[in-house]
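The lines below spell out each chain.
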Amino acid sequence: MSHDTLPRPVKTARPPAGQPAGRRRTHWTRRANPLAGISSAIWLVVVIVPIYAMISASLTKQDKALGSNALKPPSDPTLDNYNTVLHNGFGHFLWNTVVVAAAVVAIVLVLCVPFAYVAVRTRNIWSTSAFRMFLMGVAIPAQAVVVPLYLMIAKLNLYDSLLAIILPTAAFAMPVSVLILTSTLRDISEEMYEAMALDGASTTRMLFQLVIPMTKGGISTVVIYAALQAWNGFLFPLIFTQSDGPRVLTLGLFNYVSQFGVNIPALLASVVLSGIPIFAVYLVARRALVGGLMGVGGK
């Protein structure tokens, strides 16, 4: 072959330095969405302003709590309200809340993960009926069954204990948890189960070596959801406890409410301190929570 017939190299435009070739024009092809930006800005203001007002009021002296503008920074900020909260049993309430949240998460995981596995893998009338009963629990509000629950707690001699809070909270967190886990388990292909079955894997081995590793996103979502339900629970601690021993953070707020008035700065300081741990957990695992909830009902 002569030199005149040799193919000539084709020159291609090089992308700018530090920019991948396949993405050099991506930012030009994206269309601006001003409506979404305005909506996001409005939502940010709606979320930030109450938090700012709460923190600002918690740094205000009690005699100036109602006489100043809520959006105005305190002229003489003080940490006395936080000192009052920390010396008024906050550590005890926090520990009880952590115990309740951890126990609820443990119960939900131990019961819901195997049940979701059976509901997805077993196709008979018993598993289908049990799954439908769990779904019915989503539509039942806690207020509708609080009286029967109170009688059951009293007959079991669990009244005024942490178990009186843990068991009902876990029970009402299980329906949504089962729904999330079953939706996640359906994403596992049938070929994976068949491959493990050909290797002689038992049902228990499939659960621990295939199902649980493949559903970490759904399990993370369930953990966060159950922890939030336990952390923010108010009805069950209010009805099923009486003394200060099993009192949790939501009931600890009553320490700043009396028949003569409300210590608003101390109350808001307690709210700020009680929200920090669960907010930190949400920041760490918010992607797993949103991703798991978006996958519910996908199949």
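Just so it is clear, the model here is predicted, and its values are computed rather than measured. (Residues numbered from 1 in each chain as written. Predicted model: local features only at pLDDT ≥ 70, side-chain atom pairs only at ≥ 80, totals over all residues. Heavy atoms only, no water.)

Remarks on the side chain of Asn-263
The criterion, for reference: Helix and strand labels come from DSSP, where a helix needs a run of H or I of at least four residues and a strand needs a run of E of at least two; each type is numbered from the N terminus. Whether two residues are in contact is decided by their heavy atoms: any pair within 4.5 Å suffices.
Summarising the element assignment, Asn-263 is placed in the loop between strand E2 (261-262) and helix H13 (264-294). Those residues in contact with Asn-263 that sit more than four places away from it in its chain are Gln-62 and Tyr-256.

A word on the environment of Thr-250
Inclusion rule: N or O atoms within 3.5 Å of each other form a polar contact, as long as, within protein, one can give a hydrogen and the other can take it, and as long as residues adjacent in sequence are counted only when both atoms are side-chain atoms.
Examined against the element boundaries, Thr-250 turns out to sit in helix H12 (residues 249-252). In terms of polar contacts, Thr-250 uses its side chain to reach the backbone carbonyl oxygen of Gly-233, at 2.8 Å.

Regarding the pattern of salt bridges
To keep things clear, this is the line we draw: By definition, a salt bridge exists where a carboxyl oxygen of Asp or Glu is found within 4 Å of a side-chain nitrogen of Lys or Arg. Partly exposed describes any residue whose relative accessible area lies between the buried limit of under 20% and the exposed limit of over 50%, with all areas from a 1.4 Å probe on protein chains only and scaled to the type maximum.
Under the defined criterion, the tally for this structure stands at three salt bridges. A salt bridge links Asp-76 to Lys-61; its shortest N-O distance comes to 3.1 Å. Of this pair, Asp-76 sits in the loop between helix H2 (34-58) and helix H3 (80-86) while Lys-61 sits in the loop between H2 and H3, placing them 15 residues apart in sequence. With a relative accessible area of 38%, Asp-76 lands in the partly exposed category. Across the salt bridge formed by Asp-244 and Arg-247, the nearest N and O atoms sit 3.4 Å from each other. A relative accessible area of 16% means that Arg-247 is categorised as buried.

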